[in-house]
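Each chain is listed here by its residues.
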Amino acid sequence: MSKLTSTEWALAQRPVGMPKTADFQTKTIDVPAPADGEIQVMNTWMSVDPYMRGRMYDRESYVPPFQIGETLQGGAVGRVSASAHPDFKIGDLVSSMLGWRTAWTAKPAAAMVQKLPATGLPESAFLGVAGMPGLTAYAGLLRVAELKPSDVVFVSGAAGAVGSTVVQIAKIKGATVIGSAGGADKCALVKSLGADHVIDYKKAGGLEGLIAALKAASPKGIDVYFDNVGGDHLTAAIECARPMGRMALCGMIAQYNDTAPATGPNNMIQLVGKQLKLQGFIVSTHADLQPAFLADMAKWIPSGQMKFEETVMTGIEKAPEAFLGLFTGANTGKMLVKLA
């Protein structure tokens, strides 16, 4: 058997503000044959996600920070190439948290490995609509925001992997949906996914324009806000919320690269009078919803009720470029790197 090597990416230094390619370094390592209880996997796809930016800071969080020189981590899908574990055989399709590399050997539990079911979906879908982003949308909308069919739902980042799934789940459940996206092409995509109204936040031109566009789309206000962006979008959602509104705070990508402390919405006083519920959430807290989520996706995707877009870069060398693209609007739907 020829020796297996893995091309991998690590942090060369901690980014300050917007990350740049010089913040990353590549390396090649030998991948050993599996010892007892281990599996060896050749990754076929890897994910880049906005939350990874938070792990590049050296600070306490819900997951440990990335360390300089150590291979980065993230969602990946691959095929078992060798196994010394009774529950895995060569050829099994698995997901793991050992992305940013082409191959690895580890114990399944240490790599958060899941054996993926035969659903007929493309492998890449398990990193997007049928993976962590999809479950984030599902849990945030249905459990955290307690969606009701009569609701008016506002979604920021509506052309992204999470936001586009939120739009469609809300429509499947009978809600009225307002999506926000940047630029004509992304707005057209959100409209094609079933959104009742679409706001081009770039065309709106700042907070006042965003508030005006949201009020025009829903003069009586919104009941649910799904936040992927923060900043002006969160301020506008508070301004336009109906009494007893619910807001699921998934991410705030507008502030991930800020070098100064964020000031936050200036209308927080409205939370009291309107009795609003704002709840941040982490998808792993809602892992118990995974069976119901996959069962629903297995129905919704083949029926055409759930569509998904992917932006794909090819080759492990493209991983940093794909990650940086998340912060410049380079992706429509899920940003992925194809490895094999």
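Residues numbered from 1 in each chain as written. Predicted model: local features only at pLDDT ≥ 70, side-chain atom pairs only at ≥ 80, totals over all residues. Heavy atoms only, no water.

Student: Sorry, what's going on with the overall build of the protein here?
Tutor: The number of helices and strands found in the protein is nine helices and 15 strands. Rg of the C-alpha trace for the protein: 20 Å, near the compact-globule value of 20 Å for 340 residues, within the 12% margin. Per-residue burial over the protein gives 53% buried out of 340 residues. Of the side-chain charges in the protein, 31 are positive and 29 negative, and the distance between the mean point of each set is 4 Å. (Helix = DSSP H or I, 4+ residues; strand = E, 2+ residues; numbered from the N terminus. Rg over C-alpha atoms; globule rule 2.2 N^0.38 Å. Buried < 20%, exposed > 50% of the residue type's maximum accessible area, 1.4 Å probe, protein only. Lys, Arg positive; Asp, Glu negative; His and termini not counted. Charge placed at Lys NZ, Arg CZ, Asp CG, Glu CD.)

Student: Would you explain empty space enclosed by the protein in this entry?
Tutor: Taken as a whole and judged by the stated rule, the model has one cavity of 30 Å³ or more. Taken as a whole, the largest cavity holds about 70 Å³ of empty space. Considering the residues around the largest cavity, the lining is formed by Gly128, Val129, Ala161, Ser164, Thr165, Phe308, Glu309, Glu310 and Lys334. By residue number, the principal contributor to the lining of the largest cavity is helix α2 (residues 161-172), which donates three residues. (1 Å grid on protein atoms, 1.4 Å probe; cavity = no way out; pocket = protein on both sides within 12 Å on 5 of 7 lines; lining within 4 Å. Points joined across faces, edges and corners; volume = space filled by probe spheres on them.)

Student: For this particular structure, what's the right way to read the state of the cysteines?
Tutor: Within this structure, the stated rule accounts for zero disulfides. A disulfide-free cysteine, cysteine 187 has its sulfur positioned 17 Å from the sulfur of cysteine 240, the nearest such atom. Cysteine 187 sits in the buried class, given a relative accessible area of 11%. For cysteine 250, which is in no disulfide, the shortest distance to another cysteine sulfur is to cysteine 187 and amounts to 19 Å. A relative accessible area of 24% places cysteine 250 in the partly exposed class. (Disulfide = S-S within 2.5 Å.)

Student: Before we go on, may I ask you to explain the packing of aromatic side chains in this structure?
Tutor: Any pair of aromatic rings gets described here by the distance separating the centres and the angle formed by the planes. For the coordinates displayed, the defined rule picks out eight aromatic pairs. Aromatic side chains tryptophan 100 and phenylalanine 323 sit 6.2 Å apart centroid to centroid with 65 degrees between the ring planes, which places their arrangement in the edge-to-face category. Linking tryptophan 100 in the loop between β5 (93-96) and β6 (103-106) with phenylalanine 323 in helix α9 (residues 319-325), this pair joins segments that are 223 residues apart in sequence. Taken as a pair, tryptophan 100 and phenylalanine 323 share a single burial class, namely buried. Between phenylalanine 323 and phenylalanine 327, the aromatic rings sit 5.3 Å apart at their centres with planes inclined by 80 degrees, giving edge-to-face as the arrangement. (Phe/Tyr/Trp six-rings, centres within 6.5 Å; stacked < 30°, edge-to-face > 60°.)

Student: What is the right way to look at the environment of glycine 206 in this model?
Tutor: Within the secondary structure, glycine 206 sits in the loop between α4 (201-204) and α5 (207-217). Sequence separation between glycine 206 and aspartate 232 is 26 residues; the distance between their C-alpha atoms is 7.3 Å. Among all residues touching glycine 206, those that are not within four sequence positions of it are Tyr201 and Asp232. (Contact = heavy atoms within 4.5 Å.)

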